[in-house]
Amino acid sequence: MSAHGLTDDFLQRAQHALGQDFLRQAVRKTTDRLRDGRAQAVREAGDFEAWRDALSAARRRAIARLDAVLRVFVERASAHGVQVHFAADAAEACAIVVELARAKGARLAAKGKSMLSEEIELNQALEAACVEALETDLGEWIIQLAGERPSHIILPVVHKPRAEIRELFEQHGGVTLSDETKVLAGYARDRLRAEFLRADLGITGCNMAIAETGAVALFSNEGNGRMVSTLPKTHIALMGMERIVETRADFVDLMRLLPRSATGQRITTYVNVLHGPKRTHELDGPEELHVVVVDAGRSQQLADRDYRDALACIRCGACLNACPVYSTVGGHAYGTVYPGPIGAVIEPLYARDDERRAELANASTLCGACHEACPVRIPLHDMLVSLRQANARQGRGDRSELALQRVAARAMAVPFVYAGGGAVARWFGRFVAGDGAWPRFVLQHTPVLQTMARQRVLPQPPLRAFRDQWADLVREDMRGSDGR
Amino acid sequence: MDAESFYARIASALGGPSPALHLPAARKAAPVAATVTERRAWAHLASERLRSVGGSAECVPRSQLAARVQELVGGSPVVRVADALLPSEVLSVLDQATVCTAVDAHTWREACAAATWGVTDADAWIAETGSVLLCAQRDRPRATSLLPRHHLVIVPLERVIPSLEGALNAMVDTPSQWLLVTGPSRTSDIENDLTIGVHGPAVLHVLVVDEETD
């Protein structure tokens, strides 16, 4: 990978991940399972491609006139009592939530799963304001108890073995448990049930808003999203400003595609569409519903035609599961909130000058599997190429590699230089790929090669170049077709 | 940041403000007309789909409904939706077991947390996914189907619909909550191992009441 100019940060993290056997197997198993699930769901659903076309168009349509669509949403949501707030950046979003918590005298905020809340680091902001922020999605709760970060956007805790989870719970509750999933999940159910009933504030993300009826929608399987949007007196939904479709019909396409793409389910256990707080005569439900619409780098992305399409993302994680790099190293190696191909594209756009995020464009094989898996057909691999080009233009990456590429570009333009250079390179390649002290010494002291060789076993080049073999290959092929 | 400045940021990123979006207010489509035979076929598909995700369902003739509810719920504590939403013979069975019908907010929640069964009706039952549609309303508080460990749905055959599109009509009235429930609560968070009943109910059972069978 260093051949593509990654600085050591990602490599070190990836190397670390590769050294952890459990993590490697767990990530592989998870991505395989989710990918198979998706494939099966696609086979069962005859109209899958038509749904993809429809949702891709719907998402792009809403984003192309996002200001107008948001206006309709805000007007209609306000009409049934939703209080909408706007945040230009992460700090403002946190400040809005903290202020609401303070106004309500809240001590405990029970949270549903929200990647946006990870992104703006809301938990830290709440803790700083002396409000306990409690994750209630089972995976997120485990992550919180362990003081870690999610490693997958759908299954945040895939990297953790059950024995470690048991130990965490035992420490947490001062109890003795077994390793059985039922027992562990049962413990979480009992413990968190009391917290749901005690919480003053429920905080969730927003999978998608619907402009037509002024609604925010939450997809979940565990039911914690229902708990936190039903039991506490105040519900705050954090919404990335691009997470909106125009009509209910668009939403039907989303209901069909999001669960299938994420886990292969026909639909998630709960699809919860909220049109405001409880009505006067209703017995339960929150008294207030606040929606915080967050920009935090998204308008920059919107302004950039090369990457605007990435805003169509519905956060299903299908590109993670399809990606050969992600399924080998897992989410933590990326070092960002959003891992995988979508993370490599959107993270650098959220923070343009961040070298650490720029390198992620190289954490890809450009195979296009992400594009193929994406329910809204975001051309992620094209975007990754374009990010790499931008990186090269800005002089990021390994300097000696850039120099070598420049020389190679010149050489390739002139046939006899190319042929001669190729012969030298083949000879040299055969030499350094060999065993022995000398080849190793040369390898370790040649720029570019030294970084390449640290990450991989170099292949031994053939004696004859492919170009030279071509005439023979053509002749063989002719003979083959004559025989038929 | 105020709304107008926020829109202005977006407009400038888009290269200028978008023309106002005239999105007509949501309107209901004509309800799906169908014969009893068609509805039965949809109910059959809905049960299959619901079963595939760990739920269960059965078709009951009206005459046997009360007995079946009695069998299921037994003497365990029950919370239920208001009288108007359930068939009268079910009420008489349930009233022996009912802890609480919707009264006041505080005791209601406690009652739901203590109950074994939550009994509700449904706005629709959807063949495509096996989903039950529950819109919040005064007579149908949300916690009924959320806090008890078992959720029993009693729905008449004429509310069985073929696809998700049919559930959109109920969104037009903008209920505070429009909810699809498809099977028991589940998680695969621990080592990809599927477990049922983590926060929401662990049992979802649908009784479709078929007036014309006997």
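Residues numbered from 1 in each chain as written. Chains lettered and ligands numbered in written order. Predicted model: local features only at pLDDT ≥ 70, side-chain atom pairs only at ≥ 80, totals over all residues.

### Thoughts on the overall build of chain A
Then step 1. Within chain A one finds 24 helices and 10 strands.
Then step 2. Each of the 484 residues in chain A was classed as buried or not, and the buried ones make up 50%.
Then step 3. A separation threshold of at least 6 residues defines the contact pool for chain A, and within that pool the share at least 24 residues apart is 74%. (Helix = DSSP H or I, 4+ residues; strand = E, 2+ residues; numbered from the N terminus. Buried ≥ 20, exposed ≤ 12 C-beta atoms within 10 Å, placed from the backbone. Contact = placed C-beta atoms within 7 Å.)

### A short note on helix H3 (residues 48–64) of chain A
Then step 1. Compared with the 24 Å implied by 1.5 Å per residue over 17 residues, the 24 Å span of H3(A) between its first and last C-alpha is a close match.
Then step 2. The inward-facing, buried residues of H3(A) abut helix H4 (66–79), strand E8 (244–245) and helix H12 (248–263) of chain A. (Expected span 1.5 Å × (residues − 1).)

### Here we look at the interface of chain B and chain A
It is common to give the size of an interface as the accessible area that goes away when the parts come together.
Then step 1. Listed as interface residues are 58 residues of chain B and, on the opposing side, 68 residues of chain A.
Then step 2. Counting only elements with at least two residues in the side of chain B that touches chain A, the list comes to helix H1 (3–14), helix H5 (105–114), strand E9 (177–181) and strand E10 (186–187) of chain B.
Then step 3. For the side of chain B that touches chain A, the element with the most residues is H1(B), which contributes eight residues.
Then step 4. A class-by-class count of the residues in the side of chain B that touches chain A yields 32 nonpolar, 15 polar and 11 charged.
Then step 5. Direction of pairing for strand E9 (residues 270–274) of chain A relative to E9(B): antiparallel, over a ladder of five bridges. By the bridge assignment for E9(B), Val271(A) is matched with Leu180(B). (Nonpolar A, V, L, I, M, F, W, Y, C, P; charged D, E, K, R; others polar. Pairing = 2+ DSSP bridges.)

### Topic: the sheet that holds strand E2 (residues 108–111) of chain A
All names here are of chain A.
Then step 1. Pairing within the open sheet is parallel, and its six strands lie in the order E1-E10-E7-E4-E2-E3. Only two strands of the sheet have a single partner each, and these edge strands are strand E1 (82–87) and strand E3 (132–135). Ignoring which end each strand starts from, the neighbouring axes of this sheet average 25° apart.
Then step 2. As paired elements, E2 and strand E4 (residues 201–204) share three bridges and run parallel to each other. Counterpart to Ala-110 in the pairing with E4 is Gly-202. (Axes fitted to C-alpha atoms, helices over the stretch in contact; angles between N-to-C directions.)

### Thoughts on the nonpolar core
All names here are of chain A.
Then step 1. Of all hydrophobic cores here, the largest spans 195 residues; its most connected members are Ala-109, Val-292, Val-294 and Val-345.
Then step 2. In terms of residues, this core owes the most to one element, H4, which gives seven residues.
Then step 3. Beyond its immediate stretch of four places on either side in the chain, Ala-109 contacts Ala-101, Leu-126, Val-131, Glu-132, Ala-133, Leu-134, Ala-199, Leu-201 and Ile-203. (Core = buried A, V, L, I, M, F, W, Y, C linked by C-beta atoms within 7 Å.)

### Considerations on the sheet that holds E8(A)
Then step 1. Read across the sheet, eight strands follow the order E8(A)-E5(A)-E6(A)-E9(A)-E9(B)-E6(B)-E5(B)-E8(B) without closing on themselves; strand pairing throughout is mixed. With one partner strand each, in any of the chains shown, E8 of chain A together with strand E8 (160–161) of chain B form the two edges of the open sheet.
Then step 2. Where strand E5 (residues 208–210) of chain A meets E8(A), two bridges bridge the pair, whose relative direction is parallel. By the bridge assignment, Ile210(A) is partnered in E8(A) with Val245(A).

### So, the domain arrangement of chain A
Then step 1. Splitting chain A by domain gives domain 1 (2–11 + 299–393), domain 2 (45–296) and domain 3 (399–483).
Then step 2. Put simply, the middle of domain 1 of chain A and the middle of domain 3 of chain A, counted by C-alpha atoms, are 29 Å apart. (Domains from an automatic or database assignment.)

### Things to note about helix H10 (residues 181–198) of chain A
Then step 1. Between its first and last C-alpha, H10(A) extends 26 Å over 18 residues, near the 26 Å set by a 1.5 Å rise per residue.
Then step 2. Turning to H10(A), its buried residues are Thr181(A), Leu184(A), Ala185(A), Ala188(A), Arg189(A), Leu192(A) and Phe196(A).
Then step 3. Lining the buried residues of H10(A) we find E2, helix H8 (138–146), helix H9 (162–173) and helix H11 (224–230) of chain A together with E10 and strand E11 (195–196) of chain B.

### Thoughts on the pairing of strand E7 (residues 234–240) of chain A
All names here are of chain A.
Then step 1. With seven of seven residues buried, E7 is to be regarded as a mostly interior element.
Then step 2. As defined by bridge partners, E4 adjoins E7 across four bridges and the pair is classed as parallel. Within E7, the residue paired with Thr-204 across the bridge is Ala-237.
Then step 3. When E7 meets strand E10 (residues 288–294), the two strands line up parallel, connected through seven bridges. Of the residues in E10, the one forming a bridge with His-235 is Leu-289.

### Thoughts on the environment of Ile314(A)
Residues and elements named next belong to chain A.
Then step 1. Inspection of the secondary structure puts Ile-314 in the loop between helix H13 (298–303) and helix H14 (318–322).
Then step 2. Separated by 255 residues in sequence, Ile-314 and Arg-59 place their C-alpha atoms 8.9 Å apart.
Then step 3. Apart from residues no more than four positions distant in its own chain, Ile-314 is found in contact with Leu-254, Leu-258, Pro-375 and Val-376.

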